[in-house]
Amino acid sequence: MTAEAGTGPTLAPRRAALGAVLADDLSGAAEVAGLLLQRGHPCTVLLGAPAAGTAPRAGTPVVDLDHRTATADAVRAALTGALTALAPDGPLAVKLDSLWRGNVGATVEALHRSGFVVVVAGALPALRRTVVDGVPLVDGVPLAATGLWHLEPRPAPVRVVDLLTGTPVLPAGLADVRAPDGLPRLLARAAATGRVVVADAETDADLAAVAGAAAALAAGGTRTALAGSAALVGALVGALVDGAAATGGGTGAEPPPPRPAPGARGTVVVAGSASATTAAQTAHLLGLPGAAVLDVDPASAPGGAAPPEGADPLVLRLTGTHPDPRAAAARLAGRAVALAGARDLVLTGGETARAVLVRLGVDRLHPVAQLSHGAVAGLTGDGRLVATKPGSFGGPGELHDLVRLLRRLRAPRTATTPSTPSTPHLEEP
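Residues take numbers from 1 onward in each chain, read along the sequence in its written order. Two thresholds apply to this predicted model, a pLDDT of at least 70 for residue-level local features and 80 or more for giving and counting side-chain atom pairs, whereas whole-chain, interface and lining totals are computed over all residues. Working from all heavy atoms in the structure, the side-chain values ignore hydrogens and water.

**Regarding empty space enclosed by the protein**
Threshold: Cavities and pockets are defined on a 1 Å grid built over the protein atoms alone: a cavity is a set of grid points where a 1.4 Å probe fits but cannot escape, while a pocket is an open set with protein on both sides within 12 Å along at least five of seven lines, and lining residues are those with an atom within 4 Å of any such point. Grid points are joined across faces, edges and corners, and a volume is the space filled by probe spheres set on the points. Throughout, the ten residues Ala, Val, Leu, Ile, Met, Phe, Trp, Tyr, Cys and Pro are labelled nonpolar, Asp, Glu, Lys and Arg are labelled charged, and all others, Gly among them, are labelled polar.
Following the criterion strictly, the structure yields three cavities of 30 Å³ or more and no others. Taken as a whole, the largest cavity spans an internal volume of roughly 70 Å³. Lining the largest cavity we find Ala30, Ala33, Val45, Leu365, His366, Pro367, Val376, Ala377, Gly378, Val386 and Thr388. Tallied by class, residues from the lining of the largest cavity come to eight nonpolar, three polar and no charged.

As structure tokens, this is what we get:
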């Protein structure tokens, strides 16, 4: 079977370790990093594939390829370029949007053409996003019947396979996922026939079964890629750790995450998502003492009003109409960088977050703490704390809780200060 058919060369059996994680936007990459941090697995978030010789030497690279809104050809080029640069040794994980937005089809097609056996499992049980009989569901409602794709240029898919028109598919229903030999049998068929497995899942146990079968396939020497939610990536890490323990492998104690320097800093919150969730979180944050807002209209002249003196946190958000979301994010990011100074940042919306960090010259983040699923704080090379969150994640107080998390991380350390603060809903120091 050739690489065109989707399997690639078979190698000698070995214990597989997570090779790399690729994501289509920054908030998704940070979401994965938070789960890896929670599991004690070191990683570094990279903004773009690294040049030869510059990849992190320790831990797993989690790469934001920034192709959520790119053309299909650009997606294929980004993935194949990243695979060349990283040369991952072990199973590859590819983070997809849990609402199935972005270039899912082009991503899976590029992996398939690159010689991987691809397993797609996009469920995210923590947020009640599941797949049953091939239908993506949100709170039990078919995604196509919700309003969650109202900002997308095309209708939501009725079935996952609607997104995968460029690749042959082998479905794995819940009965296959939950049967002891169901997934190994299907993955063997996929490897033999060059098809992509699309797996149902309702629970974390379902994702663990998918990840375990894929890890076993990779350990046998077959190039294997899992494409799906951050929860799937976490399940894959768990399967690899369990496999290492069973065979007496492992790398010993992992290095702790870096620690930010203590000392109070102000915070700038950049609300770059157009979701109703972010609007509610911003309104909640602005009801707190000290918070102030600056509205940025992409259609207005550059610059704008000065922020209120002493505002902390200072909140920037888009106003007016913005038919070009990428241009609007760029305008918001430019204003944020002009006002940020040395302050820490809370960024919501993957495109906005990336635009801010690129303008600041940041090319990597070192995760240090997770507030809740997808809400992650990282440290830049120059010591700035940056928290990121997907726009649709979290309750009304999520942005406020992220501001408090950054303040807690900056608090002077005592003998009782935890070395890795990752407890949800931290209190003010």
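**A closer look at the packing of aromatic side chains**
Selection criterion: Two aromatic rings from Phe, Tyr or Trp, using only the six-membered ring of Trp, form a pair when their centres are within 6.5 Å; if the ring planes differ by under 30 degrees the pair is stacked, by over 60 it is edge-to-face, and anything between is tilted. When the NZ atom of lysine or the CZ atom of arginine is within 6 Å of a ring's centre and also within 35 degrees of its normal, the charge is said to sit over that ring.
Here the structure, examined in full by the defined rule, presents zero aromatic pairs. The aromatic ring of Phe116 is capped on one face by Arg223, whose charged end is 4.2 Å from the ring centroid.

**Points about the confidence of the model for the chain**
For clarity, the cut-off: Scored from 0 to 100, pLDDT records how confident the predictor is in each individual residue. Contacts: residue pairs with any heavy atoms within 4.5 Å of one another.
With 86% of its residues at a pLDDT of 70 or more, the chain has an overall mean of 86. This model gives residues 1-15 a pLDDT under 50, and the stretch forms 39 contacts once residues within four places in sequence are excluded. Note on residues 417-429: pLDDT under 50 across the span, and 28 contacts to partners over four residues away in sequence or across chains.

**A closer look at the sheet that holds strand β7 (residues 135-138)**
Here is the rule we go by: Here the rule is simple: two strands pair whenever DSSP picks up at least two bridges between them. Only runs of H or I of at least four residues qualify as helices and only runs of E of at least two qualify as strands under DSSP, and these elements are numbered from the N terminus.
Read from one edge to the other, the open sheet built from three strands follows the order β6-β7-β8, with strand pairing classed as antiparallel. Edge positions in the sheet fall to β6 (129-132) and β8 (141-142), since each of these pairs with one other strand and no more.

**Observations regarding the environment of Gly48**
When you line up the elements, Gly48 lands in the loop between β2 (43-47) and β3 (60-64). With 18 residues separating them along the chain, Gly48 and Asp66 place their C-alpha atoms 7.3 Å apart. Excluding its chain neighbours within four sequence positions, the residues that come into contact with Gly48 are Val63, Asp64 and Arg354.

**Brief notes about unusual backbone geometry**
Worth spelling out the cut-off: Between buried and exposed lies partly exposed: a residue is buried under 20% and exposed over 50% of the maximum accessible area for its type, with that area taken using a 1.4 Å probe on protein chains only.
For the peptide bond that leads from Asp312 to Pro313, omega is 5°, which places it in the cis range. Among the secondary structure elements, Pro313 is positioned in the loop between β13 (292-296) and β14 (314-318). The residue Asp66 is not glycine, and still its phi comes out positive at about 55°. Among the secondary structure elements, Asp66 is positioned in the loop between β3 and α2 (72-86). One non-glycine residue, Trp100, lies in the positive phi region at around 65°. Looking at the secondary structure, you find Trp100 in the loop between β4 (92-95) and α3 (104-113). Given the relative accessible area of 3%, Trp100 is considered buried.

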